[in-house]
Amino acid sequence: MTTTLDDDMVDVPQVYKHHIFACFTQRPPNHPRGSCGAVGAQPLWDYLSKALEAEHLSDVGFTAAGCLGFCRTGPLMVVYPEGIWYRPSTAEDIDEIVQSHFKQGKRVDRLVMVLSKN
């Protein structure tokens, strides 16, 4: 027997204020789908990890993800619970996301990607 809970029956705690999923997929050069790794994602994600630690943002989770499905658009990261997709390309972009989005709660519109499955 399976029991389901109604929304008003349980308060599910939110582990993180923000949770980042960043694509670490690395495909071979000239792969037809491309990859975030092929366009320099790894150094950006390393920098992001260090920036979060330096700012003591323990309420921001950071998870290495496989392909996020928009390979030619990368490097990509998505931030939940907002569902904001960012495409940073420099350490300065990462700094701006950390300061504005994670510390001040303000989306960095110039780095937002509006993606569609169609």
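In this text, all values refer to a predicted model and were calculated from it rather than measured experimentally.

The next thing to look at is the pairing of strand E2 (residues 60-65). Where a strand is regular, its side chains alternate between the two sheet faces. In this sheet, E2 lies alongside strand E1 (residues 18-23) in parallel orientation, the contact comprising six bridges. Residue pairing for E2: Ala22 is matched across the bridge by Ala64. Taken together, E1, helix H1 (residues 41-54) and E2 constitute a β-α-β crossover, and its handedness is right-handed.

Pairing between E1 and strand E3 (residues 77-80): four bridges, direction antiparallel. Bridge pairing links His19 to Tyr80 in E3.

For the rest of this paragraph, the subject is the side chain of Arg27. Along the chain, the position of Arg27 falls in the loop between E1 and H1. No salt bridge forms around the buried Arg27; measuring N to O, its nearest opposite-charge neighbour Asp46 is 18 Å away. Here Gly34 takes part through its backbone oxygen, which lies 2.7 Å from a polar atom of the side chain of Arg27. If near-sequence neighbours (up to four positions away) are discounted, Arg27 is found in contact with Arg33, Gly34, Ser35, Cys67 and Cys71.

Definitions and limits used
Residues numbered from 1 in each chain as written. Predicted model: local features only at pLDDT ≥ 70, side-chain atom pairs only at ≥ 80, totals over all residues. Heavy atoms only, no water. Pairing = 2+ DSSP bridges. Helix = DSSP H or I, 4+ residues; strand = E, 2+ residues; numbered from the N terminus. Right-handed = clockwise from strand over helix to strand, strands pointing away. Buried < 20%, exposed > 50% of the residue type's maximum accessible area, 1.4 Å probe, protein only. Lys, Arg positive; Asp, Glu negative; His and termini not counted. Salt bridge = Lys/Arg side-chain N within 4 Å of Asp/Glu carboxyl O. Polar contact = N/O pair within 3.5 Å; in protein donor to acceptor, adjacent residues only side chain to side chain. Contact = heavy atoms within 4.5 Å.

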